[in-house]
Amino acid sequence: MTSVEETTEDPTGSGPSGYAAARLRLLQEESRSGPSRRSALSALTDQWLNGLFTTAAQEAGVRGAALVAVGGYGRGELSPRSDLDLLLLHDGKARPQALGALADRLWYPVWDTGVALDHSVRTPGEARKVAAEDLKAHLGLLDARLVAGDAGLLAGLRTAVLADWRNQAAKRLPQLHALCRERAERAGELRFLLEPDLKDARGGLRDATTLRAVAASWLADAPREGLAEARRRLLDARDALHLVTGRATDRLSLQEQPQVAARLGLLDADALLREVYEAARVVAYAGDVTWREVGRVLRARAARPRLRGLLGTRGAAAAAERAPLAEGVVESEGEAVLALAARPDRDPVLPLRFGAAAAQAGLPVSLHAVRRLAAQARPLPVPWPAEAREQLLTLLGAGEPMVGVWEALEAEGLISRLLPDWERVRCRPQHNPVHTWTVDRHLIETAVRASALTRRVGRPDLLLMAALLHDIGKGWPGDHSVVGETIARDMAVRVGFDAEDAAVLGTLVRHHLLLVDTATRRDLDDPATVTAVARAVGSTGTLEVLHALTEADALATGPAAWSTWRGSLVADLVRRVAAVLSGEPAAGPEPEGPTAEQERLALEALRTGEPVLTLHARQEEDDAVGVELAVAVPEQPGVLPAVSGVLALHRLTVRAADLRFLELPDHLGEVLVLRWRVAAEYGALPQAARLRTDLIRALDGSLDVPAKLAGREAAYPRRRGVVPPPPRVTVVPDVSPLATVLEVRAPDAVGLLHRIGRALEAAGVRVRSAHVSTLGANAVDTVYVVDPDGKPLPAAAAAAVAAQVQSALA
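Residues numbered from 1 in each chain as written. Predicted model: local features only at pLDDT ≥ 70, side-chain atom pairs only at ≥ 80, totals over all residues. Heavy atoms only, no water.

### Looking at the overall build of the protein chain
Regarding its fold elements, the protein chain presents 32 helices and 15 strands. Residues counted as buried form 53% of the 810 residues belonging to the protein chain. The contacts in the protein chain between residues at least 6 apart in sequence include a share of 70% that link residues at least 24 apart. Total accessible area computed for the protein chain in this model is approximately 35,600 Å², and 52% of it derives from carbon and sulfur atoms. In the protein chain, which carries 96 positive and 103 negative side-chain charges, the distance between the mean positions of the two groups comes to 6 Å. (Helix = DSSP H or I, 4+ residues; strand = E, 2+ residues; numbered from the N terminus. Buried < 20%, exposed > 50% of the residue type's maximum accessible area, 1.4 Å probe, protein only. Contact = heavy atoms within 4.5 Å. Areas by Shrake-Rupley, 256 points an atom, 1.4 Å probe, with all protein chains shown as cover. Lys, Arg positive; Asp, Glu negative; His and termini not counted. Charge placed at Lys NZ, Arg CZ, Asp CG, Glu CD.)

### Focus: the side chain of aspartate 461
Its location among the elements puts aspartate 461 in helix α20 (residues 460-469). Side-chain polar atoms of aspartate 461 contact the side chain of arginine 459, separated by 2.9 Å. Those residues in contact with aspartate 461, other than ones at most four positions away along the chain, are Leu393 and Phe497. (Polar contact = N/O pair within 3.5 Å; in protein donor to acceptor, adjacent residues only side chain to side chain.)

### Quick word on the pairing of strand β2 (residues 84-90)
Note on strand geometry: in a regular strand, side chains alternate between the two faces of the sheet. For β2, a buried count of seven out of seven residues is recorded, marking the element as mostly surrounded by other parts of the structure. Strand direction decides the pairing type here: strand β1 (residues 65-69) and β2, joined by five bridges, are antiparallel. Each residue of the ladder has a partner; that of alanine 66, found in β2, is leucine 89. In this sheet, strand β3 (residues 117-122) lies alongside β2 in parallel orientation, the contact comprising six bridges. Across the sheet, the residue bridging to leucine 89 is arginine 122, located in β3. In terms of handedness, the path from β2 via helix α5 (residues 96-113) over to β3 forms a crossover that is right-handed. (Pairing = 2+ DSSP bridges. Right-handed = clockwise from strand over helix to strand, strands pointing away.)

### A few points about the confidence of the model for the protein chain
Put simply, the protein chain has an average pLDDT of 88, and 91% of its residues get 70 or more. Per-element confidence in the protein chain ranges from a low mean pLDDT of 40 for helix α1 (residues 4-8) to a high of 98 for helix α22 (residues 499-510). Throughout residues 315-319 the model reports pLDDT below 50, and contacts reaching past four residues in sequence, or to other chains, amount to two contacts. Under a pLDDT of 50 for its full length, residues 621-625 has, in the predicted model, 14 contacts with residues more than four places off or in other chains. (pLDDT = per-residue confidence, 0-100.)

### Focus: the side chain of arginine 522
Its location among the elements puts arginine 522 in the loop between α23 (514-521) and α24 (527-537). Within the local environment of arginine 522, its side chain forms a polar contact with the side chain of threonine 782, the two groups lying 3.5 Å apart. Aside from chain neighbours lying at most four places away, what touches arginine 522 is Asp517, Thr529, Val732, Val735, Val741, Glu743, His771, Thr782 and Tyr784.

### With respect to the sheet that holds β1
Spatially, four strands are ordered β3-β2-β1-β4 in an open sheet, and the strand pairing comes out mixed. Each end of this open sheet is capped by a strand with a single partner; those strands are β3 and β4 (145-149). Mean inter-strand twist for the sheet, computed between neighbouring axes without regard to direction, equals 25 degrees. Running at roughly 170 degrees to β3, α5 makes contact with β1, β2 and β3 of the sheet. With respect to the sheet, helix α8 (residues 151-167) is in contact with β1, β2 and β4, its orientation differing from that of β2 by roughly 105 degrees. (Axes fitted to C-alpha atoms, helices over the stretch in contact; angles between N-to-C directions.)

### Considering the pattern of salt bridges
Pairing is possible between side chains of opposite charge, provided their charged atoms come close. The final tally for this structure, using the stated rule, is 51 salt bridges. The partner of aspartate 345 in a salt bridge is arginine 343, and the shortest N-O contact between them spans 3.1 Å. Note on arginine 343: relative accessible area 38%, which makes it partly exposed. The partner of arginine 768 in a salt bridge is aspartate 523, with the nearest N and O atoms 2.9 Å apart. One end of the pair, arginine 768, is in strand β14 (residues 766-775); the other, aspartate 523, is in the loop between α23 and α24, and 245 residues separate them in sequence. By relative accessible area, aspartate 523 is classed as buried at 5%. Linked through salt bridges whose partners overlap, the residues forming this network are Glu189, Arg191, Arg202, Asp288, Glu407, Arg441 and Glu445. (Salt bridge = Lys/Arg side-chain N within 4 Å of Asp/Glu carboxyl O.)

### Thoughts on the packing of helix α10 (residues 205-216) against helix α11 (residues 227-245)
Describing two packed helices takes the angle between their axes plus the distance from one axis to the other. The geometry of α10 relative to α11 is characterised by a closest axis approach of 10 Å and an angle of 140 degrees between their N-to-C directions. Handedness of the α10/α11 crossing: left-handed. Residue-level inspection shows Leu205, Ala208, Thr209, Leu211 and Arg212 of α10 in contact with α11, the latter providing Leu227, Arg231, Leu234, Leu235 and Arg238. Tallied by class, the residues present in the contact of α10 with α11 amount to six nonpolar, one polar and three charged. (Left-handed = near helix turned anticlockwise from the far one by under 90°. Nonpolar A, V, L, I, M, F, W, Y, C, P; charged D, E, K, R; others polar.)

### Description of the environment of leucine 235
Looking at where leucine 235 falls in the secondary structure, it is placed in helix α11. Under the relative-accessibility criterion, leucine 235 is labelled buried at 5%. Sequence spacing of leucine 235 and threonine 245 is ten residues, and the spatial spacing of their C-alpha atoms is 15 Å. Not counting residues up to four positions away in its chain, the partners in contact with leucine 235 are Arg38, Glu77 and Leu205.

### Observations concerning α11
Taking 1.5 Å as the rise per residue, α11 with 19 residues should run 27 Å; its terminal C-alpha atoms sit 27 Å apart, in good agreement. The positive-phi residue at the C-terminal boundary of α11 is glycine 246, with phi of around 70 degrees. (Expected span 1.5 Å × (residues − 1).)

### Things to note about the nonpolar core
The biggest cluster of nonpolar side chains holds 91 residues, and the ones touching the most others in it are Met402, Trp406 and Trp422. A total of eight residues in this core trace back to one element, the largest contributor, which is α20. Formed by 50 residues, the second largest nonpolar core is a distinct cluster that contains Val631, Leu647, Ala657 and Ala779. (Core = buried A, V, L, I, M, F, W, Y, C linked by side-chain atoms within 4.5 Å.)

### Side note on the sheet that holds strand β7 (residues 335-338)
The antiparallel open sheet is built from three strands, whose spatial order is β5-β6-β7. Across the chains shown, the open sheet's two edge strands, defined by having one partner strand only, are β5 (323-326) and β7. Ignoring strand direction, the axes of neighbouring strands in this sheet form an average angle of 40 degrees. Bridge analysis of β5 against strand β6 (residues 329-332) gives three bridges, and the strand direction is antiparallel.

### Quick word on α23
For an α-helix the count is 3.6 residues per turn, leaving residues at separations of three or four pointing the same way. Taken across its eight residues, α23 has six buried, putting it largely inside the fold. By the burial criterion, the buried members of α23 are Leu515, Val516, Thr518, Ala519, Thr520 and Arg521.

### Considering unusual backbone geometry
With an omega of 0 degrees, the peptide bond between valine 382 and proline 383 qualifies as cis. Take proline 383: it is sitting in the loop between α15 (367-376) and α16 (386-396). Even without being a glycine, glutamate 333 presents a positive backbone phi close to 50 degrees. Assignment of secondary structure puts glutamate 333 in the loop between β6 and β7. By relative accessible area, glutamate 333 is classed as exposed at 52%. Although it is not a glycine, arginine 651 sits at a positive phi angle of roughly 60 degrees. On the secondary structure map, arginine 651 appears in the loop between α28 (639-649) and β10 (652-664).

Structure follows, in structure tokens:
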């Protein structure tokens, strides 16, 4: 490996250009990366700035001054595009003009290199005063390091700053904690973000630096196991990001992840994210433990004088007594800890009993206790004894307090030891933007949601276990539902469920998406739809649990995955399936005869020769404005694309559409009647008269709907570099004997259903019904089509229509 001296070729003799060239050569060295490169870059910069300072101080005639690195540069951790945080420290004796000349001779060469610079000129007293008023400045000075000049000057400042920090810890640390919480709320949780901010997100580099500051206060110290390695991984990822982008950025965007992964020698973007998430998890967990300890110490300091005064020594000792929670588990000072008589080496159920008791009591767990369990607990026999299974279910059923307890057990490896398959999903990213969480955290959040639904089902144990396992197959290749069924059965037997319950859990995992997918993408009036679901579920008891699991899964996925509308569709499907499982025949489609309202609309459409419509608003529980829209149009081509296009222009999102031709009595004629379920995008409903006017214009060609929609779509900026996968149109076999079912998967866009309708019109088929499902940036639209005679399409014709629609969308 080349030494710094050999690499730099005396940069101080070449001015800014010499330093810049040496810096570039250093960054291009393939053999140097990670901590070695950061240290070498810091040393190179030190050498250059030392030469600048020495020369400039002599020329300006300034003594009693020092050039000080603070922040990341002070820690010797310069990333390729890091800025330089510099403090020109002086004793206050130099003339202002001389001091200004010295500063100019330092700052201007740095600016000439293009390196960002954060600089200040202060005496030790001024620096100390600024630190007292500015918490961030105080934090920066904790890492102050001499680059050049008077070492004694900096030593005095460092001593004073550290003393101030420790003396003011009771005031400063709560302020620092508040800053961390505010930053986390703004930047999010690093380990769950698809495009994380490596520095500011919770669990990122700022939090790692904050833990150093807390340790410097001597009030509390972070768990050190794995923390240095986690910090190194985050710094390495940021270095690679700087080199890939050529910019001083901390956001790991999607389009840059493959290149960053390659530079770090990782397999792909998923491997990169998982490594970053693992590191962030370690930092975030260390922060949780540390801040809890800070709070405990500060509370104890505040309470100690009062307790001594009010209770005396014996009273204070009594106040610290332990309250029992479960066998071997007690509460002490606001934490769940192990009882003095607990024997983890003789009690294999103790880790689960400890976690369940803590979660049920809503208490955090003691780090020391968890580490003792990890070091001493005996493995459980397989299958587990009944108590172990019950304690796991008690932990899962505790609701929100379970999350912190589970993460503490997981951080020390206890969860993977109890459930080995958990390791495959731990910190696994999910690239679907609908998902808020990584796979493992999503499973935990689903259990939290399921815990609130246990009163709705006869087997709450199966609901909680299915919630924990429903996505367990995502750690393996293939369809995660199919793979997950096998894993769930094996894990169920491992934890002590009998063969029958294990089979039910396998069914729940295999079909955990069945209800919501069917309800939002299939025609529920088609008997084949309900019969197929009943056949897959098998029993009313399983259906009951699957219904609750569906809701818990969707609520734990993210805000786009569940709504009152989706819930009502799923409930309708469950009602129909339950009837079939109880022995009733599957209900057929509605009679073809028109309702009174449809007949009135159809007669009015025939009389005027123009479309007529009615619009009914309904406020839904989730505050969305639902709209029931009925349209009657004399038979003519282009109705579906015209209506869907006009709705899109009026910012109405289509949720479902049903289309049928009605033959009116007395040979009055045939009218196309469309029933739509739509939602107002911004909560405001358009007037029915305006909709009708625009629909008339769309049908007679005076309103250019495609051009209007193209203008709307162009107004929606796409994220730079994110290219969605192309649309895909497939024929779904064996779904309905009444129609051919086409499934369209495409990026959600303004007027997507309008474009689908135009393509189907061009293919010469009729649309019987349409079911629209949108999750985040993706749409899954299911269209039931028939030939001009109202019959399903032959296989070859159906494939040709699918290809034609896909081509049109592309």
